[in-house]
Amino acid sequence: MQSLSLPTFAQMLGALELECQSFNLSLDTRRVSNPGSILKRRELSDEPAGFEVFRQIFSTEIAPQLSASNGGRYWGFVTGGANPVATYADWLVTLYNQNVSKGGDSVASDVERQAIEWLVSLFELPAGFEGVMTTGATAANVLGAMAARQYAGSRQGIDVAKAGYKDLDCTVFSATPHASMVKALGLAGLGQDTWVKVACQSDTEAMDTQELALKLRQCTSPGKVVIASAATVTGTDFDDLVTVAQLCREHQAWLHVDGAFGIFERLLTGAAGRTQGIELADSITLDCHKWLNVPYDCGVFLTRHPQTLCATCNVDAPYLANDEQARPFMSLGIENSRRFRALPVWATLLAYGKQGIKAQIQRNTAQASALANWIAASSEYELLKPCNLNVVLFSASASNKHDTQSLLAKLNEAGQVFMTPGVWQGRAAIRCAFSNWRTEQADVELAISELARLAK
Ligand SMILES: Cc1ncc(COP(=O)(O)O)c(C=O)c1O
C-alpha cells in the first residue's frame, strides 16, 4: 500500500464533496434503474494506477451507470434510502474502521448494544430482548433458523452446535415465509423443501391459525419451530401473532417472526395493532436498511434467549480471549470480524427520535395510499388488494392495452420510477413499495402520470 502516491485527506474530502454534489444533482435526472449497464473489460495491471485514475474511471464509467435506488422513486423490493445523518455516520464508520467482534478495546460494542436497546424501546418490546446487528434480514433469518435449531436440539438432549444435527427431529411450520427465510432454513440444514406449509386465511397470506393448531397437535417431532410473518412482502399481511405465540407456548415450539419491514407498523398503531404478539416471539428479524433508512447493509436479529444464540454461535480460541462481562458480538452472530454498522443506526435513532421516525413511516404510508386510491379509481388498472401499509399491489385491467408484465417492463424502461413484479393469488402483479425518506408527493404524481401515459 505504500508504493502509491497517496491522496491527502484534504484531497479526498475535496473529491468527495464534488462527488456528493454531482450525485445529489443527478438524483432527479438519473435513470432510476440502469438495466443495460456494462462495465468495460480491463485487465489487472502490474503497475499501480493510483487514486486519481480510480476517481476518474468511477465518475465517468461507473457512477453514470449506477441506479438511483437511493432516491425517492425507486420502489422495488422494500428499499430504503440512506438518510443524511446515517450517511455521515457511515463515512465515520469507514474512517475509524473498528472491528466490532468483541469489546475490550473500544466503545464500539457498547454503541451496538445501546442501538439495540433503543430499537427494543422504539418497537415497544420487553426489556429481555437482546440481539446483534447483521448484514440484513436474510442473515437475521439465518440466525433465527439456527437458534431455533439449537433450541429444538436441546429438547432432545442434543447440543446441535457441538454434535451436529444428524439425530435432530425437528419440524418447521410456516404459511408464507419470505424467500430469504426459506433460504435460511436450507442453510441451517432444516431444509428448503421440507417445512410444513400451513394454509392461509382466504384472500390473504396470513396463517390460518386453526390449521396451525391442528398440525402442531398432529406433529410427533420433539423439536417444533413456527416461522411467522409481520408482514409478508407481497400482501403486507400479518399473522395473528397472539394466537400463534399461544400455540407455540402450548406445544413448546420456537416462534421466529420475520418483521423485516412490517415491525415498523408498530409505530403507527402501537403494541396493540397488527404486530400485537410479536413481543411474545422467541426471535425477531428486522431490517434497518429498509424503513429506518440507514445505508446497506444493516439488519437486526433479536431474541429473548441470548444464551441459546450464544450456544449456537459461540467462538472460542485463546487469541480471541475476552474478559468483558457482556457477550461478545462474535459469539452472537455469523461473523467474527464485523463492521461498525451500529453507528448509523445509533445516529439515526438519536437524531430523528421516535417522532421523526414515526413521521417518516406516516409519510410513506400516505404516499402508498395516494397511489392506491388513484389505481382503484382508474379503469386501466386494478388494485389487487386494499393498501394497508406501504405496498401497492396492482395489475393492468382488462381494458389496458398492455398485460401486466409488459406494462411493468415499459414502466421501468422509461427510467422515471422503478417497481418490481409479484404474484397475487396466481395473477401477475406489480409491487410498489414506499420506504424512502426522500419520496415526495410530486414523485407519486409523476408515477401516476407515467401510468396514465402508458395506458393511453
Ligand atoms: C419480510 C422480509 N424478510 C426478509 C427480507 C430480506 O431482506 P434482506 O434483503 O435485507 O436480506 C425481505 C426483503 O425485502 C423482506 O421483505
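Along each chain, the written sequence defines residue order, and numbers are assigned to residues from 1. The model is predicted, so local features are restricted to residues of pLDDT at least 70 and side-chain atom pairs to those at 80 or more, both for listing and for counting; the totals for chains, interfaces and linings are taken over all residues. The basis for every side-chain value is the complete set of heavy atoms in the structure, and neither hydrogens nor water enter the calculation.

S.K.: Explain the packing of helix H4 (residues 108–122) against helix H12 (residues 342–377) here, please?
M.R.: Each pair of packed helices can be described by the angle between their axes along with the distance between the axes. Interaxial distance between H4 and H12 falls to 9 Å at its minimum, and their mutual angle equals 45 degrees. As summarised for this structure, H4 and H12 are arranged oblique, according to the angle between their axes. Once H4 is placed against H12, the crossing between them reads as left-handed. Here Val111, Glu112, Gln114, Ala115, Trp118, Leu119, Ser121 and Leu122 of H4 come into contact with H12, specifically with Ala342, Leu343, Val345, Trp346, Leu349, Leu350 and Lys354. Helix axes are fitted only over the stretch in contact, all axes being lines through C-alpha atoms; the angle between N-to-C directions runs from 0 to 180 degrees. By definition, any uninterrupted DSSP run of H or I lasting at least four residues is a helix, any uninterrupted run of E lasting at least two residues is a strand, and each is numbered from the N terminus. An angle below 35 degrees is treated as roughly parallel, one above 145 as roughly antiparallel, one from 65 to 115 as roughly perpendicular, and anything else as oblique. When the near helix sits turned anticlockwise from the far one by under a right angle, the crossing is termed left-handed; a clockwise turn instead gives a right-handed crossing. By the convention used here, residues are in contact when the closest approach between their heavy atoms is within 4.5 Å.

S.K.: I tried to follow the site of the ligand on my own but got confused; where do I start?
M.R.: Neighbouring residues are identified by heavy atoms, a residue being near a molecule or strand if any of them is within 4 Å of it. Close to the ligand lie 14 residues, the nearest being Thr138, Asp258, Asp287, His289 and Lys290. What qualifies as a polar contact is a pair of N or O atoms within 3.5 Å, subject to a donor-acceptor requirement within protein and to the restriction that residues adjacent in sequence count only when both atoms come from side chains. Here an oxygen atom of the ligand and a side-chain polar atom of Thr138 are 2.5 Å apart. His289 places a side-chain nitrogen or oxygen 2.7 Å from an oxygen atom of the ligand. Per-residue accessibility takes into account occlusion by the displayed protein chains alone, with areas from the Shrake-Rupley method and a 1.4 Å probe. In the complex, the protein chains occlude 84% of the 400 Å² of accessible area that the ligand would expose alone. Residues are sorted three ways: Asp, Glu, Lys and Arg are charged, Ala, Val, Leu, Ile, Met, Phe, Trp, Tyr, Cys and Pro are nonpolar, and all the rest, Gly among them, are polar. For the shell around the ligand, the residue count by class is five nonpolar, six polar and three charged.

S.K.: Is there a simple way to explain the pairing of strand E6 (residues 283–287) in this structure?
M.R.: Within a regular beta strand, the side chains point alternately toward one face of the sheet and then the other, so they alternate between its two faces. Extensive coverage of E6 is indicated by the burial of five of its five residues. Relative accessibility thresholds used throughout: buried, under 20% of the residue-type maximum; exposed, over 50%; partly exposed, between the two (1.4 Å probe, protein chains only). Side chains of E6 alternate between two faces, with Ser283, Thr285 and Asp287 and Ile284 and Leu286 buried alike.

S.K.: Would you mind going over the UniProt feature "modified residue: N6-(pyridoxal phosphate)lysine" (unreviewed entry) in the chain with me for this structure?
M.R.: UniProt positions are given in the numbering used here, feature names are shortened, and annotations may be inferred rather than shown by experiment. UniProt records the feature "modified residue: N6-(pyridoxal phosphate)lysine" (unreviewed entry) for Lys290 in the present numbering. With respect to the helices and strands, Lys290 occurs in the loop between E6 and strand E7 (299–303). Those residues in contact with Lys290 that sit more than four places away from it in its chain are Val78, Gly80, Ala260, Phe261 and Ser435.

S.K.: What exactly am I supposed to notice about a nonpolar patch on the surface here?
M.R.: Grouping into patches uses exposed residues only, defined as over 30% relative accessible area, and leaves out salt-bridged ones; the cut-off is 9 Å for like charges and 5 Å for nonpolar side chains (Val, Leu, Ile, Met, Phe, Trp, Tyr). A carboxyl oxygen of Asp or Glu within 4 Å of a side-chain nitrogen of Lys or Arg is what we treat as a salt bridge. Taken together, the side chains of Phe9, Met12, Leu95 and Tyr96 make up a nonpolar region of the molecular surface, amounting to roughly 450 Å² of accessible area. For the nonpolar patch, the elements supplying multiple residues, two or more each, are helix H1 (9–26) and helix H3 (84–96). Positionally, Met12 belongs in helix H1.

S.K.: Sorry, what's going on with the sheet that holds E6 here?
M.R.: Across a sheet, strands are paired by hydrogen bonds formed along the backbone, either parallel or antiparallel in direction. One open sheet accounts for seven strands, arranged E1-E7-E6-E5-E4-E2-E3; its pairing is mixed. Edge positions in the sheet fall to strand E1 (130–134) and strand E3 (196–197), since each of these pairs with one other strand and no more. For two strands to be treated as a pair, DSSP must find at least two bridges joining them.

S.K.: For this particular structure, what's the right way to read the nonpolar core?
M.R.: Soluble globular proteins tend to bury their nonpolar side chains together. In plain words, nonpolar cores are sets of buried Ala, Val, Leu, Ile, Met, Phe, Trp, Tyr and Cys residues tied together by side-chain atoms within 4.5 Å. One finds Leu119, Val226 and Val345 to be the most contacted residues of the largest nonpolar core, which totals 94 residues. Here this core takes nine residues from helix H5 (residues 137–154), the largest share from any one element. Start and end points for every domain follow an automatic or database-based domain assignment. When residues of this core are sorted by domain, at least three fall in each of domain 1 (98–339) and domain 2 (353–455). Setting aside residues up to four positions removed in sequence, Val226 forms contacts with Phe173, Met207, Leu212, Leu216, Val244, Cys248, Ala253, Trp254, Leu255 and His256. Counting residues in hydrophobic clusters, the runner-up holds 22 residues, among them Leu408, Val444, Ile448 and Leu451.

S.K.: Even after reading the chapter, I still don't get the sheet that holds strand E9 (residues 391–396), so can you show me in this structure?
M.R.: Strand order in this open sheet of four strands is E8-E9-E11-E10, and the pairing throughout is antiparallel. Because the sheet does not close on itself, it has two edges, and the strands there are strand E8 (381–383) and strand E10 (420–424). The mean inter-strand angle of the sheet, taken between neighbouring strand axes irrespective of direction, is 40 degrees. In this sheet, E9 lies alongside E8 in antiparallel orientation, the contact comprising three bridges. Looking across to E9, one finds that Tyr381 is bridged to Ala396. Seen against the sheet, helix H13 (residues 404–414) touches E8, E9, E10 and strand E11 (427–433) and runs at an angle of roughly 30 degrees to E11.

S.K.: What should I look at first to understand the side chain of Asn364 in this one?
M.R.: Its place among the elements puts Asn364 in helix H12. For Asn364, a relative accessible area of 0% translates into the label buried. Those residues in contact with Asn364, other than ones at most four positions away along the chain, are Trp291, Phe434, Ser435, Asn436 and Thr439.

S.K.: Is there a simple way to explain the domain arrangement of the chain in this structure?
M.R.: Quite often, the size of an interface is put as the accessible area lost when its parts meet. What the domain assignment reports for the chain is domain 1 (98–339) and domain 2 (353–455). Each partner contributes to the interface: domain 1 provides 21 residues, whereas domain 2 provides 21 residues. In short, buried area is how much 1.4 Å probe accessible area vanishes from two parts on joining, totalled over both. For the domain 1 and domain 2 pair, buried surface summed over both sides reaches about 1800 Å², with 62% attributable to carbon and sulfur atoms. Our count for the domain 1 to domain 2 interface comes out at one salt bridge. Residue Asp237 is joined to Lys385 by a salt bridge in which the shortest nitrogen-to-oxygen separation is 2.9 Å. Counting the contacts that link domain 1 with domain 2 gives seven residue pairs in polar contact (both at pLDDT 80 or more). For the side of domain 1 that touches domain 2, the secondary structure elements donating two or more residues are H4 and helix H10 (266–269).

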